[in-house]
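Chain residues, written in single-letter form:
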Amino acid sequence: MREKVDILISNTLLVTMNNERRVVPRGFVAVRDGVIVDVGVGDGREKYSSEEVIDGAKTVTVPGFISAHTHFYGALLTGSPWFGRIEPPSDFMQNLQRIWWALDVMLCHEEAYAAALIGSIMYAKSGVTNFFDNISAPNCIENILDSMEKAVNEVGLRGILSFEATQRRSIEEGVRGVRENERFIVKNNRDPKKRVKGAIYLHASFTVTDDLFKLAMEIAEKHDALIAIHTEEGLVDVYHNIERYGLRPIERMEKLGFLSPRVHLVHAVQATDEEIALIKKRGAHVAHNPMSNMLNAVGVPKIPKMLELGINVGLGDDGYIFNIFENMRAAYLIHKVWNLDPRLMTPLQVVEMATVNSAKMFHQERELGSIEPGKKADLVVIKPRTPSTPVNEKTIYAHLVNSFSSDDVDTVIVDGRFVVKEKKFVNIDLDKALEKVHRVVEKLWDRMLAEGKYQLDYLK
Ligand SMILES: [Zn+2]
């Protein structure tokens, strides 16, 4: 008597990402009630029956990819006429003042919803099933995360949504930002039915006071939540902290007792060896965003060194290029050219950053990040169309990083439910969703051209 399951993926090249990094050349995954109930060799049909059997011949099944850091609202800027209006920024601070802060003051519920909708669509398309997003919208703080949650749920992804608390304009706005995060955490984090969770986000140490750091720590501890913060992305962060506190940003965080395993340091481009030692000592995590670092011309963090020390590093996109394959490729390449050393970064290290490491960052490593019995069924079936060499257990990591693309993603499953099935979105009408997003974007761009201006103020 064969056991009944909801989904059976059969005869697939199975990349488990379990502790042994086992790859099964011809394997199966059985899913019931949102959970992986069995993983084994062969087609699994002698053991299980299912109305949803995915014939996995010539496919690769991987754990759902996890994006460690993003800003969905970044997706609203592609090709914007605003870039033609402004004088091109020549450094990171100008980038914030002329682009990001000129945009974020325009954002409210409608734009947040549209951003989360298009972001979730692009993620699902490239096999990302889980993410940590951060929105900045200083003129529309309260309840904005609910508008984003709606869109993420419509597409069917899992994720973490947070509001970027900043005191660049006022002390009080930063507190309201942290409180919006707390509200969302209380609403969602303890409810096992909710796939979208909350976390605390602080913009950066050059835009938040010690008091806000302390409030964030207090609330994170109270609710057992994560806290993320942009850290040493640009030199302005380093200079501001040295000038005002006599310490570099990560040193200041150490003094405040901020660093811990619940903290994500996003970027850490300028982190010194001494600061990297502090990250290691306190068990904080790092989110690496190679394509964003290139775009913003801020430099490259010492990721190979961090990995060597055993620091947990996850892969994100920082709201630029919502495609995990391209970001994996960038993470694979950037350290080689920056350090003039082709030995740095292996394909496996990169795939780890996009799966198990990010799961660990989210404190979800017991339930996500790998394909193992008992874990939640977040799965991606890839059908490589034109592989140049055989795709097998020996070549798979090289293919994932060097040759596959989001066009090869065939089926995406979150919590045992189809989000994308044979390249078709299951829960939304894609054309209608895109139309909806584009209408919001056009209105936003018109408003930016009519009213937009540089936002020069930040915490003095
Ligand atoms: Zn960011």
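Residues numbered from 1 in each chain as written. Predicted model: local features only at pLDDT ≥ 70, side-chain atom pairs only at ≥ 80, totals over all residues. Heavy atoms only, no water.

Q: How should helix α3 (residues 109–125) be read in this particular structure?
A: The terminal C-alpha atoms of α3 lie 24 Å apart, and with 17 residues this matches the ideal 24 Å at 1.5 Å per residue to within 8%. Most of α3 is tucked away: 13 of the 17 residues are buried. Looking one or two residues past α3, Gly127 carries a phi angle of roughly 90 degrees, positive in sign. (Helix = DSSP H or I, 4+ residues; strand = E, 2+ residues; numbered from the N terminus. Expected span 1.5 Å × (residues − 1). Buried < 20%, exposed > 50% of the residue type's maximum accessible area, 1.4 Å probe, protein only.)

Q: Would you take a moment to explain the coordination of the zinc ion for this structure?
A: The expected angle between donors at a tetrahedral four-coordinate metal is 109.5 degrees. At an octahedral six-coordinate metal it is 90 or 180 degrees. Coordination of the zinc ion by the protein involves His69 (NE2), His71 (NE2), His230 (NE2) and Asp318 (OD), with metal-donor separations of 1.9 to 2.1 Å. If you look at the zinc ion, its four donor atoms make angles of 90 to 151 degrees with each other, and the shape they trace is irregular. Binding-site remark: the zinc ion is held by donors from one chain whose sequence spacing is H-x1-H-x158-H-x87-D. A residue pair is termed long-range when its members are at least 10 positions apart, and His71 in the loop between β8 (65–70) and α1 (82–85) and Asp318 in the loop between β16 (313–315) and α12 (324–339) qualify at 247 residues. Side by side, His71 and Asp318 carry an identical accessibility label, which is buried. (Donors = N, O, S within 2.8 Å, 3.2 Å for Na, K, Ca; no water. Tetrahedral: all angles 85-135°; square planar, octahedral: opposite > 155°, others 65-115°.)

Q: Where do I start with the pattern of salt bridges in this structure?
A: It is possible for side chains bearing opposite charge to pair when their charged atoms get close. According to the stated counting rule, one finds 36 salt bridges in the structure shown. Between Asp415 and Arg158 there is a salt bridge whose closest N-O contact spans 3.0 Å. On the criterion of sequence distance, the pair formed by Asp415 in the loop between β18 (409–414) and β19 (417–421) and Arg158 in the loop between α4 (144–155) and β10 (159–165) is long-range, its members being 257 residues apart. The two residues Asp415 and Arg158 agree in class, both being buried. Residues Asp415 and Arg195 are paired through a salt bridge, measuring 3.8 Å at the closest nitrogen-oxygen approach. Taken together, the residues span a long stretch of sequence, with Asp415 in the loop between β18 and β19 and Arg195 in the loop between α5 (171–188) and β11 (196–198) at a distance of 220 residues. (Salt bridge = Lys/Arg side-chain N within 4 Å of Asp/Glu carboxyl O.)

Q: Teacher, can you tell me more about the state of the cysteines here?
A: A covalent bond between the sulfur atoms of two cysteines is referred to as a disulfide. Applying the stated criterion to the full structure yields one disulfide. Sulfur-sulfur distance for the disulfide between Cys108 and Cys140 comes to 2.0 Å. When the S-S torsion is 55 degrees, as for the bridge of Cys108 with Cys140, the disulfide is right-handed. A residue pair is termed long-range when its members are at least 10 positions apart, and Cys108 in the loop between α2 (92–104) and α3 and Cys140 in the loop between β9 (128–135) and α4 qualify at 32 residues. Assessed through its relative accessible area of 8%, Cys140 is described here as buried. (Disulfide = S-S within 2.5 Å.)

Q: Explain the layout of surface pockets here, please?
A: Put simply, the largest pocket is a space of about 870 Å³. Along the walls of the largest pocket sit 40 residues, with Gly74, Leu77, Trp100, Leu295 and Tyr320 positioned nearest its centre. Elements with a minimum of two residues in the lining of the largest pocket: α2, α3, α7 (235–245) and α16 (430–451). Looking at the lining of the largest pocket residue by residue, the class counts come to 23 nonpolar, 13 polar and four charged. (1 Å grid on protein atoms, 1.4 Å probe; cavity = no way out; pocket = protein on both sides within 12 Å on 5 of 7 lines; lining within 4 Å. Points joined across faces, edges and corners; volume = space filled by probe spheres on them. Nonpolar A, V, L, I, M, F, W, Y, C, P; charged D, E, K, R; others polar.)

Q: How do you make sense of empty space enclosed by the protein when you look at a structure like this?
A: Empty space among the atoms becomes visible once a probe the size of a water molecule is rolled across them. Using the criterion set out here, one finds two cavities of 30 Å³ or more in the structure. Taken as a whole, the largest cavity spans an internal volume of roughly 240 Å³. Residue lining of the largest cavity: 23 residues in total, with Phe92, Leu96, His230, Glu233 and Asp318 positioned closest to the centre. Broken down by secondary-structure element, the contributors of at least two residues to the lining of the largest cavity are α2, β12 (200–204), β13 (227–231) and α10 (290–295). The element contributing the most residues to the lining of the largest cavity is α2, with six residues. The space that makes up the second largest cavity amounts to roughly 60 Å³.

Q: Is there a simple way to think about the packing of aromatic side chains in this case?
A: Each aromatic ring pair is specified by the distance between its two centres and by the angle formed by the two planes. Scanning the entire structure with this criterion turns up eleven aromatic pairs. The interplanar angle of 55 degrees and the centroid separation of 6.0 Å between the aromatic rings of Phe28 and Tyr48 together place this pair among those described as tilted. Residue Phe28 is located in strand β3 (residues 23–32), and its partner Tyr48 is located in strand β5 (residues 48–49); the two are separated by 20 residues in the primary sequence. Measuring from ring centre to ring centre gives 5.6 Å for Tyr73 and Trp100, while their planes differ by 85 degrees; the resulting arrangement is edge-to-face. Highlighted residues: Tyr73 in the loop between β8 and α1 and Trp100 in helix α2, separated in sequence by 27 residues. For Tyr73, a relative accessible area of 5% corresponds to the buried category. (Phe/Tyr/Trp six-rings, centres within 6.5 Å; stacked < 30°, edge-to-face > 60°.)

Q: Which parts of the structure should I look at to understand the environment of Asn296?
A: In this fold, Asn296 is placed in the loop between α10 and α11 (303–309). For the pair Asn296 and Leu456, spaced 160 residues apart in sequence, the C-alpha to C-alpha distance is 18 Å. Residues in contact with Asn296, not counting those within four places in the same chain, are Asn95, Glu233 and Asp318. Polar side-chain contacts of Asn296 include one of 2.9 Å to the side chain of Asn95. (Contact = heavy atoms within 4.5 Å. Polar contact = N/O pair within 3.5 Å; in protein donor to acceptor, adjacent residues only side chain to side chain.)

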